[in-house]
Amino acid sequence: MLSTEDDILRAAESWRRDGRAVALATVIETWGSAPRPVGSHLLIDGDSRFIGSVSGGCVEGEVITEALDVIADGRPRTLEFGVADETAWRAGLSCGGRIRVFVERIE
């Protein structure tokens, strides 16, 4: 079961209080079909532990990889993912479409 967005934000506060380095990824735009709506979150810590979801498939793996870089250098990033219908399922965008995800370090 996916956590609610409020659960993820509460976890971000808790993880920071525990001294963990964390980044928050947020879906900021979608076009066409997208597995998760605008406002969906994925919380990642410096040990690659995560909670939540911004998409699925290889998109989520790429967001986690980028989030580790954001934790390391502190520079936020906006990521864009889009695929044609014929490759959508493998990429985790089950019906095609595009998404933009903003990734920021939480202090």
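Residues numbered from 1 in each chain as written. Predicted model: local features only at pLDDT ≥ 70, side-chain atom pairs only at ≥ 80, totals over all residues. Heavy atoms only, no water.

The subject of this paragraph is the nonpolar core. Residues Ala25, Leu42, Val54, Val63, Val101 and Val103 are the most contacted members of the largest nonpolar core, which totals 17 residues. Mapped onto this core, the elements with two or more residues apiece are β1 (22-31), β2 (41-45), α2 (57-73), β4 (77-83) and β5 (97-106). With residues near it in sequence (within four places) discarded, valine 63 still touches Ala25, Leu42, Val54, Leu79, Phe81, Val101 and Val103. (Core = buried A, V, L, I, M, F, W, Y, C linked by side-chain atoms within 4.5 Å. Buried < 20%, exposed > 50% of the residue type's maximum accessible area, 1.4 Å probe, protein only. Helix = DSSP H or I, 4+ residues; strand = E, 2+ residues; numbered from the N terminus. Contact = heavy atoms within 4.5 Å.)

Let us now look at the pattern of salt bridges. The final tally for this structure, using the stated rule, is twelve salt bridges. Here arginine 75 and aspartate 73 are joined by a salt bridge, their closest N and O atoms 3.2 Å apart. Classification of arginine 75 as exposed rests on a relative accessible area of 53%. Classification of aspartate 73 by relative accessible area gives partly exposed; the value is 35%. Several salt bridges converge on common partners, so that one network encompasses Arg20, Asp45, Asp47 and Arg49. (Salt bridge = Lys/Arg side-chain N within 4 Å of Asp/Glu carboxyl O.)

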